[in-house]
Amino acid sequence: MDIFAGLINGFSIALMGTNILFCFLGALIGTAIGVLPGLGPAATIALLLPLTYVIGSPVTAIIMMAGIYYGAMYGGSTTSILLNLPGEAASVVTCIDGYQMAKKGRAGAALGIAAIGSFIAGTVAVIGLTFFAPPLAEFALDFGPPEYFALTTLGLLLAVTLSGGSITKGLIILIVGLLLAMVGLDPISGKIRFTFGSIGLQGGFDFVTLAMGVFGLGEILYNLESTMKTELVTRKIGKIFPTLKDWADSKWAILRGSVIGFFIGIIPGGGSVISSLASYAIEKKYSKHPEEFGQGAIQGVAGPESANNAASSSSFIPLLTLGIPGNAAIAMIFAALMIQGITPGPFLVAEHPDLFWGVIASMYIGNAMLLVLNLPMVGLWVQMLRVPYGILAPVIVLFTTVGVYSVQNQVFDIYSMLFFAALGYGMRKLKFDPAPLPLAFVLGPMVERSLRQSLLISGGDLTIFVTRPISGTLIAIFVLLIVGQTTFFIKRKMRGKKTTAT
Amino acid sequence: MKKSERIVAIITSLGGVWIMYYGWHTLKLGSIHIPDAGLLPFLCGVGLAVLGVVWMLILQWAKEPTHEGPVEKRLWHRPLLSLVLMVLYGWAMESVGYITSTLIFVIAWQKIIEREKWLKTMIIALIGTFAMYALFVYLLKVPIPPEFFAR
Amino acid sequence: MNHMRKVTLFLTLAMVTMLMVGGLCFGAEKYPTKPIQVIVPYSAGGSSDLLARTVEKIWTKYSTQPMLVIDKPGAGGVQGTEYVVRAKPDGYTVLFAYGSGCDLVMPHLQKMPYDPLKDLAPVARLSIHSVVVNVSGKSPIKSMKDLIEYANKGNRITAAVSTAAGAVDIVMRAIAKRANIPITTVPFAGGADAVTALAGGHLVIGGGHPSEVLPHIKAGRFRPIGVALDRRDGTLPNVPTLKEQGINVATWGSVKGVAVPLGTPPEIIAYLESTLKKVCEDKDFKKTMAQIGQPIDYLNTKDWAAFMPKASKDYGDMIKELGIKI
C-alpha cells in the first residue's frame, strides 16, 4: 500500500470514537504517570495490560499504550522543573536547568517550552516514522557491539565536558557513576562485582532509584538544613508562558533535540534516557554561552525534552518493522501485541495495515491532544510552588517511595534510593555538580559490555573498531574532538602566558 | 569546609586503591585483547586514586574563600533525622503494610522534622495517606505490600 | 484534649484497616476468596511474563477469582523466588516460571539464599522453552553438519548468548565440546539483545528460546538449524534436534512451571493444579500459546515434583563436565 493511502486509512481508524477516546485516555494517563515521580510507562503498561483483554480490539489497545508511553515524556518535565525531582528517568537532565529556571521565577516559561518542544519533536518523529521506517530499521540493525562501543565512548567524552565547575570533581563524579553501574552481575563473565554478599545488590542499581535519590531526595535533604521551619524555596512564579525571546533562544535546540532523539530512539537500547542526556550535552557544547548551563539556560530544557519525546516515538520503528523491542516500555507493548496474536515484524504492514497505520495516525492526534492538555495545565502546576515546603517535602517522599517501589516491586529499591539520596546530599555539601553522574551510570555498562563483546567477536583484534564503516566514522569523530579540544586548550594556555608575560 | 573536603579527598584516593586491588585480585584483569571483569574497575580505581591526590593538591594551593554576605545558619541534624525516618518507613512498609506505615511516617515527619501542632499533623497525615491510597492502590493498582492486619 | 487525640488516632487507624479488610471479606468460604498474586521473578515483557499473562487471560474462565501478575525481577530471578519462598503458604502467593535458570542452573554455580528444590512445593509444569540454534537468514549454513564443515575450514564461530553461564551458553559450550569445534560464546545483556545482534549479522550463530526467535524465523531473518531438546519442539516441528543430527547435546532449556511456598495445604495445591490443567486444555489458550511461540508441556503435581530434581541433576552433570565456573 502506498504511504499516503495507508495514512488516510490510518486516520479513518484513529478518528473512530472509541479509538479517539482511548488515545485521549492514554495521553491523560501518560501525563499523570509522567508527573508522578518514579512511576514509569513500563510499569504502568504492565499494570494496565489486563485491560487490553477487555478492550478486545488490538488497535485500540496499542493506541492507548503508545499514548501512555509518549504522554509520559510530556509529563516527566513537570516535577523536574518545579521540584528538581525527575518525573521520568528521561527527564533527569531537565532538572539541572529547569529547576534553576524555576528558582528564578521562570517555571512557567520552562514548562511551556518543554510542552511546545515535546509537541514539535513528537510530530517530527512521527513524520519520520511514517515515511522512513523500513530503511531506518535496517540501519539500526547495523549497530553491533563495535558501533555501540564507539557511540557510547563518544557519549562519555561529552559527559566529561558536561560538568560545570571543577574538572577534578567532574571526573571523580564520572568515575563514581561508572563504578555504581558496575555493581551486580557482570553479564560477560557471569562474575558478581561489588555486592559484598548481598543478594539485593546482585541485580545492580536501577537508574530510577539513582535519579530519584540524587536529584529529588538529595535536594530535599539539603533544603531541610536551611532553617528550623522550612520556607518555600521558590516564591516567585512569574509569567506563565514563554516569551518570544525564549522561543527564539530555544527553537534550534528543539530542532536539534528532535533529530538527535529520533536517531537515538531507533537504535535498540538507545531510548529516551540517552537521547535526552545526549541532547543536553550537545546543547551545552555548542552553545555560545556554555556558562549559562546549570544556571537556568532555556536550551537545557528545550533540547532534552524534545529529544526524549522524539525518541519515544521513533523507538516504535524497530518494534513495528523488525519486531525488536528496544526498551522496557516498548517490550511491554511487544508483549501486548503478542498476547493479541499479532507478531510484530516486517510483515506487520502487510498483514495488519489497520493496526500499523492506525497506531501511527493516532500518534499525530495524540501529540496534538497532549499539547492542548499540557499548555493550560502549566498555570495549574505552577501553583504547586505555593504549597508550604513542610507539607510538600513529606508528600514528595511518599510519591517517590511508591514510584520507586513500582519499578520492580522490590522494597530493596527504596533502600537504594535512600543511599543515593545520601550521596546526592553529600555531593551538594561538597559542591559537586551531579550532571555527569546519570550519563556515566547509563553509558558505563554499555561501554564496557560492547568493548568486551567486540573483542570476543574479533578474537582480541583491536582493529575491529576502525575497520567497520559506522564505528570507524564515530572513532574518527572521537579523535578529532579530543585533538581539537587539546589544541584549543593549549592555545588558550599559551595566550594566557603571553598576556601575563607582557 | 576545607577540612571536610580534605577528608573526602583522602577517602577518594584510598577507595581508588582498594578498588584497584579488588579489580586486580578478586575479579582478575584479563588481557588487553580479552579483558576480564576486573579491568575497567581497575582503571576506575587508578582514576580515583590519582584524582584524589590532585584534589588534595588543589586544596593545598587554593586560597581559603572569603565569606560573602551573611552566613546562613544550617542545621545538619534535620537531614539526618529525615533520612533515618525514611529508612524506617521503607522497613515498616514491608512489615506492617502500606497504610499504617504511611500514616505513622507522615505523623512522625510533621512532629519531629517540622514540629507541627497535633491537629494540623493529623489532618495532613489522614488526607495524605488517604490520597496516596486512593491514587496508587485504587486508581493505579500498584501492588504495594499488603496490610499487616488484613493478611 | 490529649486523650481525645489518641481516640481520634485509634479510630482513624481502625477505619483505615477496616477499609482494607472490607474488600477481602472473612469467612469460611472455599479457596480462593480473593485474587491470587502470581509472582514472576523476571522483568515485564519477557517470555515468563508473557506466559503468566496468557494464563491470566484464560484463568478467569475456570476460577472465581482472578490472577494478579506481579513482576519482581532482580538478581537473575533470585529475588522474586525468595519472596515466594518467604511468603505465607496460604495459596495467595504463587510462583510462575519455576524451573528457569535461577532454579536449575544457578544453584550449581553459586550459593543460594534458599534451596530451590526443597523450599518450594511444585504445583504443575506448563511449558518447556527449549534452546534453538539459529544462523542469519543470509548465512550459507543450513544445518549442524554445514556448521561443523564451516568451522573445520578454519572459520571462527562466534555465538550470541543471552548471558554468561546461562541455559543458552551451556548449550553452545556443549556443542563445542561434543562436536569438537571451537565456539566463542559472546554473552549479551539478556535474550532480546542477543537476538538483535544476530539479526544484524554481527555473529555467526546464536541461541534463543522459540518465543524470542519465532518472529525472526517467520521473517526469514533467522534460520533455525537445531533444537537442543531430547525431542522436537512443539512450536518448531520442522526443525530437527541436535541429536538427530549426530550431536549428542540435549538440555531442558528453561522450564516454566508453577510452585507455591512450602507448607501450602494440599487441597489448595490440588485446586491450582486442576485449574491449570483446565487452562492448558483450553482452545483459546492453545491458540495464543502457539502464536507466542511457547509449547504446552503440562505435567501434574506428582510428575512435576519428580521432574525437577532430575532436571537439576542433568544440568549439574553438564556444568561439571564442561567445567563452567563463575
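Cut-off values and rules
Residues numbered from 1 in each chain as written. Chains lettered and ligands numbered in written order. Predicted model: local features only at pLDDT ≥ 70, side-chain atom pairs only at ≥ 80, totals over all residues. Heavy atoms only, no water. Helix = DSSP H or I, 4+ residues; strand = E, 2+ residues; numbered from the N terminus. Rg over C-alpha atoms; globule rule 2.2 N^0.38 Å. Buried < 20%, exposed > 50% of the residue type's maximum accessible area, 1.4 Å probe, protein only. Contact = heavy atoms within 4.5 Å. Lys, Arg positive; Asp, Glu negative; His and termini not counted. Charge placed at Lys NZ, Arg CZ, Asp CG, Glu CD. Areas by Shrake-Rupley, 256 points an atom, 1.4 Å probe, with all protein chains shown as cover. Core = buried A, V, L, I, M, F, W, Y, C linked by side-chain atoms within 4.5 Å. Axes fitted to C-alpha atoms, helices over the stretch in contact; angles between N-to-C directions. Parallel < 35°, antiparallel > 145°, perpendicular 65-115°, else oblique. Left-handed = near helix turned anticlockwise from the far one by under 90°. Nonpolar A, V, L, I, M, F, W, Y, C, P; charged D, E, K, R; others polar. pLDDT = per-residue confidence, 0-100. Buried area = accessible area lost by both parts, 1.4 Å probe. Salt bridge = Lys/Arg side-chain N within 4 Å of Asp/Glu carboxyl O. Polar contact = N/O pair within 3.5 Å; in protein donor to acceptor, adjacent residues only side chain to side chain. Expected span 1.5 Å × (residues − 1). Domains from an automatic or database assignment. Phe/Tyr/Trp six-rings, centres within 6.5 Å; stacked < 30°, edge-to-face > 60°. Lys NZ or Arg CZ within 6 Å of the ring centre and 35° of its normal.

### Topic: the overall build of chain A
Thinking step 1. Tallying secondary structure elements over chain A gives 22 helices and two strands in all.
Thinking step 2. The C-alpha atoms of chain A give 22 Å as radius of gyration, which agrees with the globular expectation for 502 residues (23 Å, within 12%).
Thinking step 3. In terms of principal-axis extent, the alpha carbons of chain A reach across some 75 × 60 × 55 Å.
Thinking step 4. Expressed as a percentage of the 502 residues in chain A, the buried residues total 66%.
Thinking step 5. Across chain A, every contact between residues at least 6 apart in sequence was considered, and the portion connecting residues at least 24 apart equals 79%.
Thinking step 6. Positive and negative charge centroids in chain A, built from 29 and 23 side chains respectively, lie 15 Å apart.

### Focus on the overall build of chain C
Thinking step 1. Looking only at helices and strands, chain C features eleven helices and ten strands.
Thinking step 2. The principal-axis extent of the C-alpha atoms belonging to chain C is close to 90 × 45 × 35 Å.
Thinking step 3. Out of the 326 residues belonging to chain C, those deemed buried represent 59%.
Thinking step 4. Here the contacts in chain C between residues at least 6 apart in sequence split such that 77% fall between residues at least 24 apart.
Thinking step 5. Summed over its atoms, the accessible surface of chain C is roughly 13,100 Å², and 57% of this surface lies on carbon and sulfur atoms.
Thinking step 6. The centroid of the 38 positive side-chain charges in chain C is displaced by 3 Å from the centroid of its 27 negative side-chain charges.

### Topic: the nonpolar core
Thinking step 1. The biggest cluster of nonpolar side chains holds 316 residues, and the ones touching the most others in it are Phe316(A), Val55(C) and Phe96(C).
Thinking step 2. In terms of residues, this core owes the most to one element, helix 6 (residues 107-141) of chain A, which gives 15 residues.
Thinking step 3. When sequence neighbours within four positions are dropped, the list of residues in contact with Phe316(A) reads Ala66(A), Tyr69(A), Leu129(A), Ile330(A), Ile333(A) and Met363(A).

### A closer look at the packing of helix 6 (residues 167-178) of chain C against helix 11 (residues 301-322) of chain C
All names here are of chain C.
Thinking step 1. At a minimum axis distance of 10 Å, the contact between helix 6 and helix 11 shows a crossing angle of 55°. Taken together, helix 6 and helix 11 sit at an angle that is classed as oblique. In the crossing of helix 6 with helix 11, the sense of the turn from one axis to the other is left-handed. Taken together, the residues of helix 11 that come into contact with helix 6 (itself represented by Ala 167, Ile 170, Arg 173, Ala 174, Lys 177 and Arg 178) are Tyr 315, Met 318, Ile 319, Glu 321 and Leu 322.
Thinking step 2. Its residues assigned to classes, the contact of helix 6 with helix 11 comprises seven nonpolar, no polar and four charged.

### As for the confidence of the model for chain A
Residues and elements named next belong to chain A.
Thinking step 1. Confidence along chain A averages 86 in pLDDT terms, with 94% of residues attaining 70 or more.
Thinking step 2. Per-residue pLDDT, averaged within each element of chain A, yields its smallest value for helix 22 (residues 469-501) (77) and its largest for helix 13 (residues 299-314) (93).
Thinking step 3. Note that residues 228-233 has pLDDT below 50 and, in this model, 20 contacts with residues that lie over four places away or in other chains.

### So, the interface of chain A and chain B
Thinking step 1. Every contact between the two is made by 60 residues of chain A and, on the other side, 61 residues of chain B.
Thinking step 2. Counting the surface lost from both chain A and chain B, the interface buries some 5,400 Å², and carbon and sulfur atoms represent 76% of this.
Thinking step 3. With a closest N to O distance of 3.5 Å, Glu5(B) and Lys169(A) form a salt bridge.
Thinking step 4. Run the count over chain A and chain B and you get eleven residue pairs in polar contact (both at pLDDT 80 or more).
Thinking step 5. Within the residue set of the side of chain A that touches chain B, elements represented by two or more residues are helix 8 (167-182), strand 2 (192-193), helix 10 (207-224), helix 18 (389-408), helix 19 (412-429) and helix 20 (436-458) of chain A.
Thinking step 6. The element best represented in the side of chain A that touches chain B is helix 18 of chain A, accounting for twelve residues.
Thinking step 7. Here the residues of the side of chain A that touches chain B sort into 40 nonpolar, eleven polar and nine charged.

### With respect to the packing of helix 4 (residues 58-83) of chain A against helix 6 of chain A
All names here are of chain A.
Thinking step 1. Where helix 4 contacts helix 6, the two axes come as close as 10 Å, and the packing angle between them is 160°. The angle between the axes of helix 4 and helix 6 places the two elements in the roughly antiparallel class. Relative to helix 6, the crossing made by helix 4 is right-handed. Between helix 4, through Tyr 74, Ser 77, Thr 78, Ile 81 and Leu 82, and helix 6, the contact on the second element is made entirely by Ala 107, Ala 110, Leu 111, Ala 114, Ala 115, Ser 118 and Phe 119.
Thinking step 2. Residue composition of the contact of helix 4 with helix 6, by class: nine nonpolar, three polar and no charged.

### Some details on helix 4 (residues 98-113) of chain B
Residues and elements named next belong to chain B.
Thinking step 1. The end-to-end C-alpha distance of helix 4 is 21 Å, a good match for the 22 Å that 16 residues give at a rise of 1.5 Å each.
Thinking step 2. Here helix 4 lies mainly inside the structure; 13 of its 16 residues are buried.
Thinking step 3. Arg 115 sits one or two positions beyond helix 4 and adopts a positive phi of about 50°.

### Quick look at the environment of Pro304(A)
Residues and elements named next belong to chain A.
Thinking step 1. Here Pro 304 is to be found in helix 13.
Thinking step 2. For Pro 304, a relative accessible area of 0% puts it in the buried group.
Thinking step 3. When the C-alpha positions of Pro 304 and Ile 274 are compared, they lie 9.6 Å apart, and in sequence the two are 30 residues distant.
Thinking step 4. If sequence neighbours within four positions are ignored, Pro 304 has contacts with Val 93, Thr 94, Ser 276, Ser 279, Tyr 280 and Gln 299.

### Details of unusual backbone geometry
Thinking step 1. A cis amide bond links Tyr31(C) with the next residue in sequence, Pro32(C), at an omega value of -5°.
Thinking step 2. Counting through the fold element by element, Pro32(C) comes out in the loop between helix 1 (2-22) and strand 1 (36-40).
Thinking step 3. If you check the backbone angles, Asn409(A) has positive phi at about 55° while not being a glycine.
Thinking step 4. You can see Asn409(A) is positioned in the loop between helix 18 and helix 19.
Thinking step 5. A positive phi is found at Ala165(C), a non-glycine position, where the angle reads about 60°.

### Thoughts on the domain arrangement of chain C
All names here are of chain C.
Thinking step 1. Partitioning chain C into structural domains gives domain 1 (34-129 + 253-322) and domain 2 (132-227).
Thinking step 2. Computed over C-alpha atoms, the centres of domain 1 and domain 2 are 27 Å apart.
Thinking step 3. Facing 16 residues of domain 1, the contacting portion of domain 2 comprises eleven residues.
Thinking step 4. In this assembly, domain 1 packs against domain 2 so that about 1,100 Å² is buried in total across both faces, 66% of it on carbon and sulfur atoms.
Thinking step 5. In this assembly, domain 1 and domain 2 are joined by one salt bridge.
Thinking step 6. One salt bridge in this structure joins Arg 178 and Glu 321, with 2.5 Å as the shortest N-O distance.
Thinking step 7. Inspection of the domain 1/domain 2 interface yields four residue pairs in polar contact (both at pLDDT 80 or more).
Thinking step 8. Elements with a contribution of two residues or more to the side of domain 1 that touches domain 2: helix 10 (283-292) and helix 11.
Thinking step 9. Among the elements that line the side of domain 1 that touches domain 2, the one with the most residues is helix 11, at five residues.

### A look at the packing of aromatic side chains
Thinking step 1. Applying the stated criterion across every chain, the model contains 27 aromatic pairs over all chains.
Thinking step 2. Aromatic side chains Tyr89(B) and Phe105(B) sit 4.5 Å apart centroid to centroid with 20° between the ring planes, which places their arrangement in the stacked category. One end of the pair, Tyr89(B), is in helix 3 (residues 77-96); the other, Phe105(B), is in helix 4, and 16 residues separate them in sequence. The burial state of Tyr89(B) is the same as that of Phe105(B); both residues are buried.
Thinking step 3. Between Tyr31(C) and Tyr92(C), the aromatic rings sit 5.1 Å apart at their centres with planes inclined by 55°, giving tilted as the arrangement. Placement of the pair is Tyr31(C) in the loop between helix 1 and strand 1 and Tyr92(C) in the loop between helix 3 (78-85) and strand 3 (93-98), with a sequence separation of 61 residues.
Thinking step 4. Here Tyr31(C) falls in the buried class, since its relative accessible area comes to 14%.
Thinking step 5. Since its relative accessible area comes to 11%, Tyr92(C) is described here as buried.
Thinking step 6. Feature note: the residues Phe194(A), Phe196(A), Trp18(B) and Tyr22(B) constitute an aromatic cluster, connected by ring pairs.
Thinking step 7. When the ring centre of Tyr83(C) is taken as reference, the NZ or CZ atom of Lys72(C) above it lies at 4.1 Å.

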